[in-house]
Amino acid sequence: MTFQRDPLAGKIPVTLITGFLGSGKTTLISRLVRHPDMNRVAVVINEVGEIGIDHDLVSQSSENISLLANGCICCSVRTDLQETLRDLFARRQVGEVFDFDRVIIETTGLADPAPVIQTLISDTLIGARFRLDGLVALVDAVNGLGTLDAMPEAVKQVAVADRLFISKSDLASADTLTQLRQRLSELNPLASQGLVVQGDLSPNELIGLGLASARASDHTLRFLGESLEASAGGDASLGRYLGERQPRHDSSLRTLSLRFQTPFAWPAFSSALDLLTQMRGPDLLRVKGIVNVQGKPVVVQGVQHLFHPPVELDRWPSDDRDSRLVFITRHIEADVIRRLFDVVGQLGLGTAQPVAPAPVD
């Protein structure tokens, strides 16, 4: 396997904003485009008119692109996302739009975010110019628990998210908010949680969620979901990244983490991962981790059957040299994944060491 040197450097980061109908995406976007820190940001939305841009904010407008006075670009999806991103980048290259350095994409309320992520992974032209920085999911505090019970699309949006924001928290009781927070932690223990009222959110809270560089740092550990305290030599079970969890309200979803003490040969590891995705790809909601490939740290991440290109870090981000992988799955028993990687271990290429469950934050 051949690794490129810092393959992420120079790519434009893309943040996806998802959330079920009524979760407050339109309100959030309409506030964001007015924020002064949104200069040099391109916002891709389904319909420009839906967000209610004030006429005096628009400095220039074409068929599907509006340039705002604060430097933000609003671009509506005219055909499909791939063509929209290609067109946006082409206009940037020839100077028709300014040199934006970030993209925020709003998905529809019923959308499965996985195909959008897969577009960024599988389209070679887009992948050469853009990188996924992270997925943000909004959850309605008033109706969120009921929506998660009734709508599998909402559950999946939460399960694959990097960061969760609870909207309308000012309208919900303290008990309802506590229950919702607990439910979200069970569905996705990797994602940090925050509150947003009337879409009032700094753009800085939507960025820096993904792996931005092959240069290892504390941010690399946060991206992987590990606590800095555990990585500094403390109890590994304290890391949010580690531990198996099964939501009490949804027996089909579970979070499983595996630790491997012996380094892998890349062909053996990738073959095991390929087999897992071929057998159970649709139910492999999220995979993230760092793998010891013959002594070198390699970050892997994927959604369902598609994986980002692996990134070899310039160094280990901590003294921990074990491979650590976390899986958020649906309808997959933990033993299925364990047995698959145990076979790799029996070949002398890695031994699975399941870790003790970590406490819910």
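In this report, the structure presented in the accompanying data block is examined. (Residues numbered from 1 in each chain as written. Predicted model: local features only at pLDDT ≥ 70, side-chain atom pairs only at ≥ 80, totals over all residues. Heavy atoms only, no water.)

## A word on helix α10 (residues 266-280)
Part 1: Its 15 residues give α10 an end-to-end C-alpha distance of 21 Å, which sits within 8% of 21 Å, the value for a rise of 1.5 Å per residue.
Part 2: For α10, the complete set of buried residues consists of Trp266, Ala268, Phe269, Ser270, Ala272, Leu273, Leu276 and Thr277. (Helix = DSSP H or I, 4+ residues; strand = E, 2+ residues; numbered from the N terminus. Expected span 1.5 Å × (residues − 1). Buried < 20%, exposed > 50% of the residue type's maximum accessible area, 1.4 Å probe, protein only.)

## Section: helix α2 (residues 81-94)
Part 1: Between the first and last C-alpha of α2 there are 20 Å, a value that for 14 residues agrees with the 20 Å anticipated at 1.5 Å per step.
Part 2: For α2, every residue scored as buried is listed here: Leu81, Thr84, Leu85, Leu88, Phe89, Arg91 and Arg92. One side of α2 carries all its buried residues, which in axial view fall inside an arc of 160°. Facing away from the buried side of α2, by more than 90 degrees, are the exposed residues Gln93 and Val94.
Part 3: At the exit of α2 stands Gly95, carrying a positive phi of roughly 85°. (Arc of directions from axis to C-beta.)

## A look at the packing of aromatic side chains
Part 1: Enumeration over the complete set of coordinates arrives at four aromatic pairs.
Part 2: Taking 5.0 Å as the distance between ring centres and 65° as the angle between the ring planes, the aromatic pair formed by Phe260 and Phe264 counts as edge-to-face.
Part 3: The exposure class of Phe264 is buried, given its relative accessible area of 1%.
Part 4: Through successive ring pairs, a cluster of aromatic residues spans Phe260, Phe264, Trp266 and Phe269.
Part 5: Over the ring of Phe100 we find Arg92, and its NZ or CZ is 5.3 Å from the ring centre.
Part 6: Against the face of Phe223 rests Lys288, its NZ or CZ located 4.5 Å from the ring centre. (Phe/Tyr/Trp six-rings, centres within 6.5 Å; stacked < 30°, edge-to-face > 60°. Lys NZ or Arg CZ within 6 Å of the ring centre and 35° of its normal.)

## Quick look at the nonpolar core
Part 1: Among the nonpolar cores identified, the biggest contains 51 residues, and Phe100, Val103 and Phe130 are the most heavily contacted of them.
Part 2: Beyond its immediate sequence surroundings of up to four residues, Phe100 is in contact with Ile12, Arg40, Val41, Ala42, Ile73, Leu88, Arg92 and Phe130.
Part 3: One finds Leu276, Leu284, Ala334 and Ile337 within the second-largest nonpolar core, a separate group that totals 22 residues. (Core = buried A, V, L, I, M, F, W, Y, C linked by side-chain atoms within 4.5 Å. Contact = heavy atoms within 4.5 Å.)

## Section: empty space enclosed by the protein
Part 1: The full count for this structure, using the stated rule, is three cavities of 30 Å³ or more.
Part 2: Of the pockets and cavities examined, the largest cavity occupies roughly 110 Å³.
Part 3: Lining the largest cavity are 15 residues, and of these Phe20, Leu138, Val139, Asp140 and Thr147 sit closest to its centre.
Part 4: In terms of residue count, strand β7 (residues 130-140) provides more of the lining of the largest cavity than any other element does, four residues in total. (1 Å grid on protein atoms, 1.4 Å probe; cavity = no way out; pocket = protein on both sides within 12 Å on 5 of 7 lines; lining within 4 Å. Points joined across faces, edges and corners; volume = space filled by probe spheres on them.)

## With respect to the environment of Val311
Part 1: One can find Val311 in strand β14 (residues 311-312).
Part 2: With a relative accessible area of 5%, Val311 lands in the buried category.
Part 3: Spatially, the C-alpha atoms of Val311 and Arg215 are 10.0 Å apart, while their sequence positions differ by 96 residues.
Part 4: Here Val311 is in contact with Pro7, Leu8, Leu211, Ala214, Pro297, Val298 and Val299, once residues within four sequence places are set aside.

## A look at the pairing of strand β8 (residues 163-167)
Part 1: Counting buried positions over the five residues of β8 gives four, a clear majority of the element.
Part 2: In the sheet, β7 pairs with β8 via five bridges, with the strands oriented parallel. Residue pairing across strands places Ala137 opposite Leu164, the latter belonging to β8. (Pairing = 2+ DSSP bridges.)

## What to know about the pattern of salt bridges
Part 1: Under the defined criterion, the tally for this structure stands at 21 salt bridges.
Part 2: Here Arg92 makes a salt bridge to Asp99, at a shortest N to O gap of 2.7 Å.
Part 3: Under the relative-accessibility criterion, Asp99 is labelled partly exposed at 42%.
Part 4: In this structure, Asp133 and Arg102 form a salt bridge, with 3.3 Å as the shortest nitrogen-oxygen distance. Taken together, the residues Asp133 in strand β7 and Arg102 in strand β6 (residues 102-106) connect sequence positions 31 residues apart. (Salt bridge = Lys/Arg side-chain N within 4 Å of Asp/Glu carboxyl O.)

## Structural notes on the side chain of Ser167
Part 1: Residue placement: Ser167 occurs in strand β8.
Part 2: In contact with Ser167, other than residues within four places in its own chain, are Ser23, Val139, Asp140, Ala141 and Val196.

## Details of the environment of Leu209
Part 1: By the element assignment, Leu209 lies in the loop between β9 (192-196) and α8 (218-224).
Part 2: Residues Leu209 and Asp162 lie 47 residues apart in sequence; the distance between their C-alpha atoms is 6.7 Å.
Part 3: Those residues in contact with Leu209, other than ones at most four positions away along the chain, are Asp133, Gly134, Leu135, Val136, Asp162, Arg163 and Phe223.

## Re the environment of Leu68
Part 1: For Leu68, the position within the fold is in strand β4 (residues 65-68).
Part 2: Given a relative accessible area of 4%, Leu68 falls into the buried group.
Part 3: Residues Leu68 and Arg34 lie 34 residues apart in sequence; the distance between their C-alpha atoms is 8.5 Å.

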